[in-house]
Amino acid sequence: METTLPDDNLPSPPSPLRLRLDAQALADNWRALDRMSGAARAGAAVKADAYGLGVAQVAPALAAAGCRDWFVAHWQEVAELLRHVPADQVAVLHGPINDADVAFAKASGVRPVLNSLAQVARWRAGGGGACHVMVDTGMSRLGLPPAELADPALDGLAIDMVMSHLASADEDTTQNAAQLALFAQARAALPGRRYSLANSAGIALGADFHADLTRPGLALYGGIPRREFATTIRQTAYPEAAVIQVRQLQAGDRIGYNATHVADRPIRAGVIALGYADGYLRCWSGKGRFLFGGKELPVLGRISMDLTIVDLTMAPDCGEGDWLTAAYDPVAASAASGLSQYELFTLLGRRFARFI
Ligand SMILES: *Cc1c(COP(=O)(O)O)cnc(C)c1O
């Protein structure tokens with residue numbers, strides 16, 4: 001028997017799971033953050049596949065809005081990003097952890113963020129060139145400690161950007177001013193073409209924190225890390241799942257794994273093609289909400305790996321093949337699920353067809 005392998009000659013049918021991205025909201029969010037950054041420009045943190053939303057969709061939308069600076073975490077995230085933006089605009093936050101990373105940086109033209117004297121030495125041994133330097137101003141994560149900034153190994157380094165990262169910018173805490181003070185020392189110690197400190201939340205801390213370039217991530221995607229963003233930043237991501245079966249339940253019918261929900265009345269239930277393998281975690285069991293035609297429809301029972309059961313009683317016109325949209329406003333969804341706004345985005349799995 002002849003078979004056709006699933007390749008270009010046999011494209012997969014359309015996914016019953018899709019992630020709708022609002023290109024206008026993405027562009028508007030970047031412009032709002034760029035404006036709020038005052039004299040500084042806003043870049044974009046697009047690590048982890050643009051926080052799970054899809055860098056192939058997000059990067060072109062932000063580039064069209066005017067974004068020219070891009071941050072990924074892993075070297076392995078560069079290739080996809082370079083399909084959409086120029087290499088000299090791309091910074092790799094984890095820096096070169098081995099010679100293969102250095103070789104890749106040199107060959108591709110993207111810029112490493114050097115996080116330690118060891119990375120500085122590795123970069124210079126590989127030929128050096130334009131780079132960024134991360135300074136740890138008090139979160140004990142990546143970056144050179146202030147005490148090492150006078151090290152002669154840094155002399156003559158071609159530093160494009162001196163960076164640091166705020167640990168608690170989403171809170172009003174003295175840690176922000178403490179980090180700013182250490183960053184001022186780093187600026188005095190290290191000659192860079194540009195300086196960059198603020199993430200999304202840091203943009204709201206005022207002009208002192210803006211330096212030359214801000215690095216928003218969360219707020220680009222619709223997250224609200226501080227109330228200052230509540231009126232300007234808009235939701236960009238709408239997870240949608242198709243109803244693949246409708247069934248009429250009677251009072252007493254058990255619903256889902258371990259029968260955590262038992263029908264207390266006749267229920268018209270829809271089974272949708274979304275589960276915890278897609279990042280719709282079990283914390284949504286009995287708690288999630290889906291939207292259809294202006295109606296809010298509750299999740300019944302446990303979330304399965306690939307399936308979720310929804311009460312369609314309030315939406316009698318909703319049937320098999322129709323699409324339900326998850327209630328996924330970042331602030332409300334975070335409060336309802338206990339997940340952080342960051343997790344809500346980055347969890348969204350590979351089975352979503354991302355479209356804009
Ligand atoms: C992830 C990240 C950002 C973006 O942070 P948000 O809180 O999402 O705005 C900025 N800078 C660095 C170094 C990061 O790792």
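Check the entry above for the structure.
Residues numbered from 1 in each chain as written. Predicted model: local features only at pLDDT ≥ 70, side-chain atom pairs only at ≥ 80, totals over all residues. Heavy atoms only, no water.

*Asks:* Explain the packing of aromatic side chains here, please?
*Replies:* The relation between two aromatic rings is expressed through the spacing of the ring centres and the mutual angle of the planes. Tallied over the full model, the rule gives seven aromatic pairs. Judged by centre distance (4.8 Å) and plane angle (40°), the rings of Tyr51 and Tyr221 are tilted. In this pair, Tyr51 is assigned in helix α2 (residues 47-51) and Tyr221 in the loop between β10 (213-214) and β11 (237-249), connecting sequence segments 170 residues apart. Here Tyr51 matches Tyr221 in class, with each residue buried. Ring centres of Trp75 and Phe104 lie 6.2 Å apart, and the angle between their planes is 80°; on these two criteria the pair is classed as edge-to-face. Taken together, the residues span a long stretch of sequence, with Trp75 in the loop between β4 (70-72) and α4 (78-82) and Phe104 in helix α5 (residues 99-108) at a distance of 29 residues. Residue Trp75 is classed as buried on the basis of its relative accessible area of 5%. Residue classification places Phe104 among the partly exposed residues on the basis of a relative accessible area of 33%. Linked through ring pairs, Tyr51, Tyr221, Tyr342 and Phe345 together constitute an aromatic cluster. The cationic tip of Arg20 hangs over the ring face of Tyr238; the distance from NZ or CZ to the ring centre is 4.4 Å. (Phe/Tyr/Trp six-rings, centres within 6.5 Å; stacked < 30°, edge-to-face > 60°. Helix = DSSP H or I, 4+ residues; strand = E, 2+ residues; numbered from the N terminus. Buried < 20%, exposed > 50% of the residue type's maximum accessible area, 1.4 Å probe, protein only. Lys NZ or Arg CZ within 6 Å of the ring centre and 35° of its normal.)

*Asks:* Would you mind showing me how to read the packing of helix α1 (residues 23-36) against helix α3 (residues 55-65) here?
*Replies:* Working note: a packed helix pair is described by the angle between its axes plus the distance between those axes. Between α1 and α3, the least distance of the axes is 9 Å, while the angle of their chain directions is 50°. In terms of axis orientation, α1 runs oblique to α3. Relative to α3, the crossing made by α1 is right-handed. Residues Ala23, Leu26, Ala27, Trp30 and Arg31 of α1 touch α3, and the partners they reach there are Val58, Ala61, Leu62 and Ala65. Here the contact of α1 with α3 is composed, by residue class, of eight nonpolar, no polar and one charged. (Axes fitted to C-alpha atoms, helices over the stretch in contact; angles between N-to-C directions. Parallel < 35°, antiparallel > 145°, perpendicular 65-115°, else oblique. Left-handed = near helix turned anticlockwise from the far one by under 90°. Contact = heavy atoms within 4.5 Å. Nonpolar A, V, L, I, M, F, W, Y, C, P; charged D, E, K, R; others polar.)

*Asks:* Please explain the pairing of strand β7 (residues 131-134) as it appears in this structure.
*Replies:* For a regular strand, the rule is simple: side chains alternate between the two faces of the sheet. Burial of the side chains of β7 extends over both faces: Cys131 and Val133 are buried on one face and His132 and Met134 on the other. With helix α6 (residues 117-125) bridging strand β6 (residues 111-114) and its parallel neighbour β7, the resulting β-α-β unit is right-handed. Bridge count for β7 against strand β8 (residues 159-163) is four bridges, and the pairing is parallel. Counted as the bridge partner of Met134 is Met163 from β8. (Right-handed = clockwise from strand over helix to strand, strands pointing away. Pairing = 2+ DSSP bridges.)

*Asks:* I keep staring at the pattern of salt bridges and nothing clicks. Help me out?
*Replies:* It is possible for side chains bearing opposite charge to pair when their charged atoms get close. Counted according to the given criterion, the structure contains 19 salt bridges. A salt bridge links Asp160 to Arg194, with the nearest nitrogen and oxygen atoms 3.0 Å apart. You can see Asp160 sitting in strand β8 and its partner Arg194 sitting in strand β9 (residues 194-196), a full 34 residues away along the chain. Take Asp160 and Arg194: they sit in the same class, and that class is buried. Here Asp172 and Arg226 are joined by a salt bridge, their closest N and O atoms 2.8 Å apart. Here Asp172 is found in the loop between β8 and α7 (174-189), whereas its partner Arg226 is found in the loop between β10 and β11, with 54 residues between them in sequence. (Salt bridge = Lys/Arg side-chain N within 4 Å of Asp/Glu carboxyl O.)

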